[in-house]
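Summary of the model geometry
This is what each chain is made of:
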There are 2 protein chains.
Amino acid sequence: MTAPEAPTTADELRRVGLRVTATRVALLETVRHGNHLGVEAIASGVRQRIGHVSLQAVYEALHALTAAGLVRSIEPPGSPARYEGRVGDNHHHLVCRSCGVVVDVDCAVGEAPCLTAADAHGFSVDEAQVIYWGLCPRCSAHSS
Amino acid sequence: MTAPEAPTTADELRRVGLRVTATRVALLETVRHGNHLGVEAIASGVRQRIGHVSLQAVYEALHALTAAGLVRSIEPPGSPARYEGRVGDNHHHLVCRSCGVVVDVDCAVGEAPCLTAADAHGFSVDEAQVIYWGLCPRCSAHSS
DNA sequence: CTCGTTAACTTGACTCATTCAAGTTAACGA
DNA sequence: TCGTTAACTTGAATGAGTCAAGTTAACGAG
């Protein structure tokens, strides 16, 4: 018998019930290799790999992949949506007020207590979204 | 000597260096009496109090009061900005995925540990913004 | 109290991310 | 190989929020 292979990008798409298209494969790889990219940046990454794709196709694929749980979107107030390939773990983001750069941070306290509000007021909470605002090292050096 | 008076809304505006206008007084009161109102709702609240005001004046005043720390804005992804009058304490929000209602929650763990990321990557963090997503009691009853 | 400065407001045009609509193409199960 | 329908294309539309230019009025100086 053959050794178990790592699943290809195409396999991952099939697994979640999505059709395998050049656009989606390229998009998923672009998002994974990029670093919290915006829609425009993703579109140009995809185009570099496979030629022309419409912006709408990118939006559509991003929604599909987000719904399928293969990518995750981050929407810091005041900036267009960004996407990342790191999913399934409960991690958060650090955003620079000055240059807008986004970096990942692990959960502040232990595993996933971020999911527990002090008093949920009867809500059934399924996700906690944390954004830390501040100045990145480069920008805070700049302003001092 | 007279007893110390509670500061009026006008006093509060003056204290932060803003001119006292009917628009701002009415806006501040509207936001404080309302419950995470959006811009349109604030505009109509203000109009009920003092008659006509332009939407732009509302935006402008909201920015001024936010910058001055008298009101705070909440911008859950996928919904227009909302404003609240509760400021200065480190509290967070619970948003219903279905109906969009927003309720306040206190910090998950103790006083303000929310401000501490596990590893700040050299950032100087000044604010942590937490949004819990879920279903409010009414909506979760509805869907079951 | 009057005046001048300038913050605050008004109207109206504009931007930009995202969505909607209608028609075409191509993935993939039968 | 074919038919169904998800995915893609182009193009127009939406909606929150901003920008610009001109007018009004708050308030400190005289």
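Note: the structure precedes this text.
Anyway, here's the lowdown on the structure attached to this text. Note that this is a predicted model, so its numbers are computed, not measured.

1. With respect to unusual backbone geometry
Both trends apply: most residues other than glycine have a negative phi, and most peptide bonds are in trans. Residue and element names in this part refer to chain A. One non-glycine residue, His-36, lies in positive phi territory at about 55°. Counting through the fold element by element, His-36 comes out in the loop between α2 (22-33) and β1 (37-38). Among the residues examined, His-36 registers a relative accessible area of 5% and is labelled buried.

2. Concerning the interface of chain B and chain A
Interface size, as often reported, equals the accessible area lost upon joining of the parts. Taken residue by residue, the interface counts 40 residues in chain B and 40 residues in chain A. When the two sides are added together, the surface that chain B and chain A hide from each other amounts to roughly 2900 Å², 59% of it contributed by carbon and sulfur. On the chain B side of the contact with chain A, Phe-123, Gln-129 and Tyr-132 of chain B bury the most area, a combined 21% of that side's loss. The interface formed by chain B and chain A holds four salt bridges in total. For the pair chain B and chain A, the number of links is 13 residue pairs in polar contact (both at pLDDT 80 or more). When contributions to the side of chain B that touches chain A are tallied by element, the ones reaching two or more residues are β4 (92-96), β5 (102-105), β6 (124-135) and α5 (137-142) of chain B. Among the elements that make up the side of chain B that touches chain A, the one with the highest residue count is β6 of chain B (twelve residues). Considering only residue class, the side of chain B that touches chain A consists of 25 nonpolar, eight polar and seven charged. As judged from the eleven bridges shared by strand β6 (residues 124-135) of chain A and β6 of chain B, these two strands associate in the antiparallel manner. In the strand pairing of β6 of chain B, Glu-127 of chain A is matched with Trp-133 of chain B.

Criteria and cut-off values
- Think of each chain on its own: its residues are numbered from 1, step by step along the sequence as written.
- Each chain gets a letter, beginning with A, and each ligand a number, beginning with 1, in the order they are written.
- Local features in this predicted model are restricted to residues of pLDDT 70 or higher, and side-chain atom pairs are both shown and tallied only at a pLDDT of 80 or more, whereas totals for entire chains, interfaces and linings draw on every residue.
- To obtain the side-chain values, all non-hydrogen atoms of the structure were included, while hydrogens and water were left out.
- Strands here mean DSSP runs of E at least two residues long; helices mean DSSP runs of H or I at least four residues long; both are numbered from the N terminus.
- Relative accessible area decides the class of each residue, using a 1.4 Å probe on protein chains only: under 20% of the type maximum gives buried, over 50% gives exposed, and in between gives partly exposed.
- Between two residues, a contact is recorded if the distance between any of their heavy atoms is within 4.5 Å.
- By buried area we mean the combined loss of accessible area, with a 1.4 Å probe, across both parts when two parts are placed together.
- Take a side-chain nitrogen of Lys or Arg and a carboxyl oxygen of Asp or Glu: if they are within 4 Å of each other, that pair is a salt bridge.
- Pairs of N or O atoms are called polar contacts if they sit within 3.5 Å, as long as, within protein, a hydrogen donor faces a hydrogen acceptor (for residues adjacent in sequence, only side-chain-to-side-chain pairs).
- Nonpolar residues are Ala, Val, Leu, Ile, Met, Phe, Trp, Tyr, Cys and Pro. Charged residues are Asp, Glu, Lys and Arg, and all others, Gly as well, are polar.
- DSSP-based pairing: two strands are paired if at least 2 bridges between them are found.

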